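# Residue-level structural notes
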Amino acid sequence: MEDPSGSGGWRFAQCFGDKGEVEDITEGMFFPRPYSPPKGVLRPTHAALPSADIISTVEFDSTGNYLATGDKGGRVVLFERNEMKKGCEYKFYTEFQSHEPEFDYLKSLEIEEKINKIRWCKRQNSAHFLLSTNDKTIKLWKVFEKSLKVVSESNHYDGQRPLPPPTNSNHLRLPRMTQQENIIAAVPRKVYANAHAYHIHSISVNSDQETYISADDLRINLWNLNISDQSFNIVDIKPVNMEELTEVITATEFHPSHCNLFMYSSSKSNIKLADMRDSALCDTHAKCFEEEEDPTSRSFFSEIISSISDVKFSHDGRYILARDYLNLKIWDINMESRPVKTIPIHDHLRGKLCDLYENDCIFDKFECIWGGDDKHVLTGSYHNFFRIYDTDTLNDVVLQADKSAFKAKKVGGPLGGKPGMKNGQRGLRDAMQMDTLDFNKKILHASWHPRENTIAIAATNNLFLYSAA
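Residues numbered from 1 in each chain as written. Predicted model: local features only at pLDDT ≥ 70, side-chain atom pairs only at ≥ 80, totals over all residues. Heavy atoms only, no water.

Here we come to the overall build of the protein chain. Looking only at helices and strands, the protein chain has four helices and 32 strands in total. The buried share of the protein chain, taken over its 469 residues, is 54%. For the protein chain, the proportion of contacts with a sequence separation of at least 24, taken over those separated by at least 6, is 56%. (Helix = DSSP H or I, 4+ residues; strand = E, 2+ residues; numbered from the N terminus. Buried < 20%, exposed > 50% of the residue type's maximum accessible area, 1.4 Å probe, protein only. Contact = heavy atoms within 4.5 Å.)

Structure (structure tokens):
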């Protein structure tokens, strides 16, 4: 792959969704959990009314030929690569309703239909299989092409032309079926329900393609894809007395090649690597990646901003990428003492933590993504800015996923420019430091094509695609 880290390397390619004004759509806040969160990991207790069109997850499949998005309305939309077009371009493939709103009568809790995560299973035949989850229920969907057949001839019709009724048995005919068209069908093959007491935030398919894990704030369960009524609890950090709760699980992922290894991160700024060969219950971790906090920099917000929101293995399984509120960190799995790289993302927001706490933005959970070559990483920020870093040089590219991108493409103007703003990377980097940042516009979810420099960015209710030569 060519190095896409130069400022001119990345270009806006496509945008799906409403290209009009999105000022009235805001990202809904987290809903209260069914337990009292620990001190320092307090969650907002109110919720903005979410729009059903807000994209809540994005995921390429293992080939990069298909792309899935899930939204707050419980819908899954699939896109496929348009082979008729030059370059990396996608077209609509199919859409289906994955989850519906439910109500837990025992806990008097509303279960929203929002899709928290989508994970593709590797393709074994002509059908696609993918897992989708909301807060409580995981579903395995089969998406396949299905031919519709209609009756073309019968005793009463020849095609559309009516026929007189047959007068004797010799005139009787067997109905004939003809193929009319192909449709894309989506059916739930398995429904994995009632295994989590708290809200599911992560799912990860194992490299053996037979099992997967699902995680909520206090437990991680191991499932067999073919068995929907039984799962095994492999991590449980719930204390006997909930008043003693000091940390929650924030993300989990299987190792890309070793089916016995998985990791999970916590709100206490550590990442634990566990080996399922050690014991059935993996509460005792094999490795713990944690950086000692500088006591002089400790503040009221320290526990909140150090909580890890996302972790990802590199494709070769050697490194771990972790995102907290202010930084990206890259860990070598052979070195637990400190990260090999620390990349500041939100240093310019350190002075605004009080305001961010008041408007609940300090609890935003930004994802982090490895590039297909493991030499670049991506993460989002506010005002629809996102950044791509070269892991060797730490050179970065700042891009903005908003409507100015496709307007600029139409008129041939600069990418992501704003009126009165300096063109190019310096202008965008300066804009990130401005006091006029819109904290309702944020890039939380993204995915990177596994083999090419193409990225999919969820920006409120729009899906942006960018590519580099």
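Text resumes after the structure shown.
With antiparallel pairing, the four strands of this open sheet are ordered in space as β2-β3-β4-β5. Each edge of the sheet is formed by a strand with only one pairing partner; in this case those strands are β2 (55-60) and β5 (90-97). Strand-to-strand twist in this sheet, taken as the mean axis angle between neighbours without regard to direction, amounts to 20 degrees. Across five bridges, strand β3 (residues 66-71) lies against strand β4 (residues 75-81) in antiparallel orientation. (Pairing = 2+ DSSP bridges. Axes fitted to C-alpha atoms, helices over the stretch in contact; angles between N-to-C directions.)

Glancing now at the environment of A401. Tracing the backbone through its elements, the reader meets A401 in the loop between β29 (396-400) and α3 (403-411). Taking relative accessible area as the criterion, A401 reaches 0% and is therefore assigned buried. Taking the C-alpha atoms as reference points, A401 and C15, separated by 386 residues in sequence, lie 9.3 Å from one another. Apart from the residues within four sequence positions on either side, A401 is in contact with N384, F386, I443, I457, A459, F464 and Y466.

This paragraph deals with the pairing of strand β27 (residues 376-380). Buried residues dominate β27, accounting for five of its five residues. Burial along β27 is two-sided: H376, L378 and G380 facing one way and V377 and T379 facing the other are all buried. By the bridge criterion, three bridges tie strand β26 (residues 368-370) to β27 in an arrangement that is antiparallel. Considered in β27, the bridge of C368 is made with T379. Two successive antiparallel strands, β26 and β27, enclose a turn made up of five residues, where D374 displays a positive phi of approximately 60 degrees. Bridge analysis of β27 against strand β28 (residues 385-390) gives five bridges, and the strand direction is antiparallel. Residue pairing across strands places G380 opposite F386, the latter belonging to β28. The loop that links β27 with its antiparallel partner β28 comprises four residues; one of these, H383, has a positive phi angle of about 60 degrees.

Within the fold, D61 resides in the loop between β2 and β3. Here the side chain of D61 touches G64 through a polar contact of 2.8 Å, landing on its backbone nitrogen. For D61, the side chain forms a polar contact with the main-chain nitrogen of N65, separated by 3.3 Å. (Polar contact = N/O pair within 3.5 Å; in protein donor to acceptor, adjacent residues only side chain to side chain.)

Attention now moves to the packing of aromatic side chains. Taken as a whole and judged by the stated rule, the model has 25 aromatic pairs. Measuring from ring centre to ring centre gives 5.3 Å for Y192 and W223, while their planes differ by 70 degrees; the resulting arrangement is edge-to-face. With Y192 in strand β13 (residues 176-192) and W223 in strand β16 (residues 219-224), this pair connects stretches of sequence that are 31 residues apart. A residue is classified by how much of its surface remains accessible, and Y192, at 1% relative accessible area, is buried. W223 gets classed as buried once you look at its relative accessible area, which sits at 2%. By the ring-pair criterion, three or more aromatic residues cluster together here, those being F12, F386, F464 and Y466. Above the ring of F144, the side-chain terminus of K142 is found at 4.9 Å from the ring centroid. (Phe/Tyr/Trp six-rings, centres within 6.5 Å; stacked < 30°, edge-to-face > 60°. Lys NZ or Arg CZ within 6 Å of the ring centre and 35° of its normal.)

For the rest of this paragraph, the subject is the sheet that holds strand β19 (residues 261-266). Read from one edge of the open sheet, four strands run β18-β19-β20-β21, paired in antiparallel fashion. Edge positions in the sheet fall to β18 (249-254) and β21 (287-290), since each has one partner strand and no second. Strand-to-strand twist in this sheet, taken as the mean axis angle between neighbours without regard to direction, amounts to 20 degrees. Relative to β21, strand β20 (residues 270-275) is paired through four bridges, and the arrangement is antiparallel. Bridged to N270 within β21 is E290.

All chains considered together, the criterion is met by 15 salt bridges. As a salt-bridge pair, D71 and R75 come within 3.0 Å of each other at their nearest N and O atoms. A salt bridge links K91 to E80; its shortest N-O distance comes to 4.0 Å. Here K91, found in strand β5, pairs with E80, found in strand β4; they are 11 residues apart in sequence, far enough to count as distant. Residue K91 is classed as partly exposed on the basis of its relative accessible area, which comes to 34%. Using a relative accessible area of 19% as the deciding quantity, one classes E80 as buried. Several salt bridges share partner residues, and in doing so they unite D53, D71, R75 and E95 into one network. (Salt bridge = Lys/Arg side-chain N within 4 Å of Asp/Glu carboxyl O.)

As a further point, take the confidence of the model for the protein chain. Overall, the prediction assigns the protein chain a mean pLDDT of 85, with 84% of residues at 70 or greater. In the predicted structure, residues 22-50 sits below a pLDDT of 50 and forms 71 contacts with residues beyond four places in sequence or in another chain. Taken as a whole, residues 410-423 scores under 50 in pLDDT and shows 21 contacts with residues more than four places along the chain or in a different chain. (pLDDT = per-residue confidence, 0-100.)

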